[in-house]
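Fold and geometry: a report
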Amino acid sequence: MSFKNLLLAYSGEASFASSLSHAIKLADRHEAWLTAAMRNGRPYFERLGGGLPTALRDQLRTAEQQEVSLVRAKFERAVAEAGLAERSEFILPEQLGPKLPSEFARHYDLIITGFQSDLAGEEHHAVHPDRIALYSGRPVLVVPQDYDAPVLADRVLVAWDGKRSAARALGDAMNAIEGKREVTLLTVGSQAEASLHDGVMKHLERHGVSARHLHKIGSGRNIARIIEDAADEVGARLIVMGAYEHSKFSQDLFGGVTHDVMHTTRVPVFLSH
């Protein structure tokens, strides 16, 4: 899949700079259009501040409009400096209307975002990358807060368990994987399972991808930690993985690989469901 139409989904002020910088690099690499959007949820003060004086509510609403304007200005300044102004746009919350981010995201090749903010002043604008991956049918790239790399990743770690979402993620990410200097296919399991993945290695080879296979013994260890440690071991600057083979509810409640990796990753994570 060619990345020609990118969506940068606002996920909170703390993570916006990192995701914006990475989105610009991707748009430049793929000669793509870049659209930024802010979710249009009800502000905290409107949902829980019904008893606030009208004057105070107006002040809060004005402050929020100023924050949106600052985010838009930051985006427009960054794309102009990168020479991308002619193929970029910013979708305001009121333009998005009642449409959910996962619905809006279906119009794009790839969604770039950070981990969502829970701050009371911006949580109604911040998206949830896991929900977009789950409900949009499109791949999502989650960029960690404060992540800064001068160039896009040339080493990729593919977390492979042979299941449906992993296959979908690998297919969706093939455009980002082909031509990389080094690709590592990570599998986790028993020693007996180490040789069960020749098919996917052959698939990568036929795409011109020179990949090596790295197998780790699970032995009760946290899978998310194994993935992140393996990324460090091979110097990967991008992790490709499937999202939510089990229900999102159970992962939110009890934890899971997708949930844990998104919370603790040190490099961007490419997710598909």
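Structural data are supplied above this passage.
My aim in this report is to walk through the structure given alongside it, one point at a time. None of the values given here were measured: they were computed from a predicted structure.

Calculation notes
- Residues numbered from 1 in each chain as written.
- Predicted model: local features only at pLDDT ≥ 70, side-chain atom pairs only at ≥ 80, totals over all residues.
- Heavy atoms only, no water.
- Phe/Tyr/Trp six-rings, centres within 6.5 Å; stacked < 30°, edge-to-face > 60°.
- Helix = DSSP H or I, 4+ residues; strand = E, 2+ residues; numbered from the N terminus.
- Buried < 20%, exposed > 50% of the residue type's maximum accessible area, 1.4 Å probe, protein only.
- Polar contact = N/O pair within 3.5 Å; in protein donor to acceptor, adjacent residues only side chain to side chain.
- Pairing = 2+ DSSP bridges.
- Axes fitted to C-alpha atoms, helices over the stretch in contact; angles between N-to-C directions.
- Parallel < 35°, antiparallel > 145°, perpendicular 65-115°, else oblique.
- Left-handed = near helix turned anticlockwise from the far one by under 90°.
- Contact = heavy atoms within 4.5 Å.
- Nonpolar A, V, L, I, M, F, W, Y, C, P; charged D, E, K, R; others polar.
- Salt bridge = Lys/Arg side-chain N within 4 Å of Asp/Glu carboxyl O.
- Expected span 1.5 Å × (residues − 1).

Quick look at the packing of aromatic side chains
Two measures describe an aromatic ring pair: the distance that separates the ring centres and the angle between the ring planes. Under the counting rule described, the total for this entry stands at 4 aromatic pairs. Arranged with centres 6.4 Å apart and planes meeting at 40°, the rings of Phe-3 and Phe-270 form a pair that is tilted. Pair noted here: Phe-3 is in the segment before strand E1 (5-9) and Phe-270 is in strand E10 (residues 269-272), with a separation of 267 residues, a long-range link. Assessed through its relative accessible area of 1%, Phe-3 is described here as buried. Residue Phe-270 is classed as buried on the basis of its relative accessible area, which comes to 2%. Both rings, one in Phe-75 and one in Phe-90, keep their centres 5.8 Å apart while their planes meet at 55°; by these two values the pair is tilted. With Phe-75 in helix H3 (residues 54-81) and Phe-90 in strand E3 (residues 88-91), this residue pair connects regions lying 15 residues apart in the sequence.

A short note on the side chain of Ser-136
With respect to the secondary-structure elements, Ser-136 resides in the loop between helix H6 (129-135) and strand E5 (140-142). Looking at Ser-136, its side chain comes within polar contact range of the main-chain nitrogen of Arg-138, at 3.0 Å.

Some words on the pairing of strand E9 (residues 238-242)
Extensive coverage of E9 is indicated by the burial of 5 of its 5 residues. Because side chains alternate across E9, one face comprises the buried residues Leu-238, Val-240 and Gly-242, and the other comprises Ile-239 and Met-241, equally buried. Inspection of the sheet shows strand E6 (residues 155-159) paired to E9 by 3 bridges, in the parallel sense. Bridged to Leu-157 within E9 is Ile-239.

Things to note about the packing of helix H9 (residues 223-234) against helix H11 (residues 257-264)
In the contact formed by H9 and H11, the axes pass within 8 Å of each other and the chain directions differ by 45°. If you check the angle between H9 and H11, you find them oblique. As H9 runs across H11, the sense of the crossing is right-handed. Residues Ile-223, Ala-224, Ile-227 and Glu-228 of H9 form the contact with H11, whose participating residues are Val-257, Asp-260, Val-261 and Thr-264. A breakdown of the residues in the contact of H9 with H11 according to their chemical character gives 5 nonpolar, 1 polar and 2 charged.

Side note on the pattern of salt bridges
Once the charged atoms of two side chains with opposite charge are near each other, the side chains can pair. Scanning the entire structure with this criterion turns up 8 salt bridges. In this structure, the salt-bridge partner of Arg-72 is Glu-76, at a minimum N-O distance of 3.1 Å. Placement of the pair is Arg-72 and Glu-76 together in helix H3, with a separation of 4 residues, close to one helical turn. Taking relative accessible area as the criterion, Arg-72 reaches 32% and is therefore assigned partly exposed. Under the relative-accessibility criterion, Glu-76 is labelled partly exposed at 37%.

Describing H9
Because an α-helix completes one turn every 3.6 residues, residues spaced three or four positions apart along the sequence face the same direction. In a regular helix each residue adds 1.5 Å, so 12 residues correspond to 16 Å; H9 covers 17 Å between its end C-alpha atoms and thus fits that length. Residues of H9 that are buried include every one of Ala-224, Ile-226, Ile-227, Glu-228, Ala-230, Ala-231 and Val-234, and no others. Along its buried surface, H9 packs onto E6, strand E7 (182-189), strand E8 (211-217), E9 and H11. Its side-chain oxygen placed 3.0 Å from the backbone nitrogen of Ala-224, Asn-222 serves as the N-cap of H9. Gly-235 lies just past H9 and shows a positive phi near 75°.

Some details on the environment of His-203
Looking at where His-203 falls in the secondary structure, it is placed in helix H8 (residues 198-206). The residues contacting His-203, other than those within four sequence positions of it, are Leu-170 and Met-174.

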